[in-house]
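Below, each chain spelled out in residue letters.
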Amino acid sequence: MANVANCKKCGALFLQTSKRDICDKCFEEQNRIVNEMNSYVINAPEDTVPLDKLLEKFNMKIDEFESLYVAGKFVKISQKVTMKCSKCGNIVPIANKTNLLCSSCAKKLQNEI
Ligand SMILES: [Zn+2]
Ligand SMILES: [Zn+2]
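> It is not clear to me how the coordination of the zinc ion (ligand 2) should be interpreted in this structure. Could you clarify?
By definition of the ideal shapes, four donors in a tetrahedron about a metal sit 109.5 degrees apart, and six donors in an octahedron sit 90 or 180 degrees apart. Around the zinc ion (ligand 2), the donor atoms from the protein are Cys-85 (SG), Cys-88 (SG), Cys-102 (SG) and Cys-105 (SG), and they sit 2.3 Å away. Here the zinc ion (ligand 2) binds four donor atoms, and the angle range of 107 to 113° at the metal identifies the geometry as tetrahedral. Sequence spacing of the donors to the zinc ion (ligand 2): C-x2-C-x13-C-x2-C. In this pair, Cys-88 is assigned in the loop between β4 (81-84) and β5 (91-93) and Cys-105 in helix α4 (residues 103-112), connecting sequence segments 17 residues apart.

This is the structure in structure tokens:
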């Protein structure tokens, strides 16, 4: 069933026909940025691109990146984009992360629970 909802990004009313919480215009814009980010990283001469730098360049918030990442939008570049583990400070490709932790910290945390 379609609902009328407020776009989470621009606040405009739109007809919500799927689980998507942003309007068509913002969705298109987001797709465009995602494509640009992917090709930017793929074409970067460096071996790795820090996530901070990428977010800064494209003016994207980490929350937005996370949800797009979870949706599988950055699979192609997940070995080349790196982030700093918020626990141990190691630099790891985002492919090896769980939330904002490296896989070994994430494993440790899981064992502690
Ligand atoms: Zn919108
Ligand atoms: Zn770590």
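So, next bit.
> What should I look at first to understand the sheet that holds β5 in this one?
Sheets are built from strands that pair by backbone hydrogen bonding, the pairs being arranged parallel or antiparallel. The mixed open sheet is built from three strands, whose spatial order is β3-β4-β5. Edge strands, defined here as strands with exactly one partner in the open sheet, are β3 (49-50) and β5. Here β4 runs beside β5; their pairing, made up of three bridges, is antiparallel. Among the inter-strand pairings, Thr-82 is bridged to a residue of β5, identified as Pro-93.

> What is the right way to read the coordination of the zinc ion (ligand 1) from this model?
For the zinc ion (ligand 1), the protein coordination sphere consists of Cys-7 (SG), Cys-10 (SG), Cys-23 (SG) and Cys-26 (SG), at 2.3 Å. One can describe the donor arrangement at the zinc ion (ligand 1) as tetrahedral, given that its four donor atoms subtend angles of 106 to 115° at the metal.

> Would you explain unusual backbone geometry in this entry?
Working note: non-glycine residues mostly have negative phi, and peptide bonds are mostly trans. If you check the backbone angles, Asn-59 has positive phi at about 55° while not being a glycine. Looking at where Asn-59 falls in the secondary structure, it is placed in the loop between α2 (51-58) and α3 (62-70). At Asn-99, a residue that is not glycine, the phi angle is positive and equals roughly 50°. Within the element layout of this structure, Asn-99 appears in the loop between β6 (97-98) and β7 (101-102). The class of Asn-99 is exposed, set by a relative accessible area of 56%.

> Even after reading the chapter, I still don't get the nonpolar core, so can you show me in this structure?
As a rule of thumb, nonpolar side chains are buried together in soluble globular proteins. Counting 25 residues, the largest nonpolar core has Met-37, Leu-54, Phe-65 and Phe-74 as the members making the most contacts within it. Taken together, the elements giving at least two residues each to this core come down to α1 (24-43), α2, α3, β4, β7 and α4. In this structure, Leu-54 is in contact with Met-37, Tyr-40, Val-41, Val-49, Phe-65, Ile-77 and Val-81, ignoring residues within four places of it in sequence. In this structure, Ala-5, Cys-7, Phe-14 and Ile-22 belong to the second largest nonpolar core, which totals six residues.

Reading guide: rules and limits
Residues numbered from 1 in each chain as written. Chains lettered and ligands numbered in written order. Predicted model: local features only at pLDDT ≥ 70, side-chain atom pairs only at ≥ 80, totals over all residues. Heavy atoms only, no water. Donors = N, O, S within 2.8 Å, 3.2 Å for Na, K, Ca; no water. Tetrahedral: all angles 85-135°; square planar, octahedral: opposite > 155°, others 65-115°. Helix = DSSP H or I, 4+ residues; strand = E, 2+ residues; numbered from the N terminus. Pairing = 2+ DSSP bridges. Buried < 20%, exposed > 50% of the residue type's maximum accessible area, 1.4 Å probe, protein only. Core = buried A, V, L, I, M, F, W, Y, C linked by side-chain atoms within 4.5 Å. Contact = heavy atoms within 4.5 Å.

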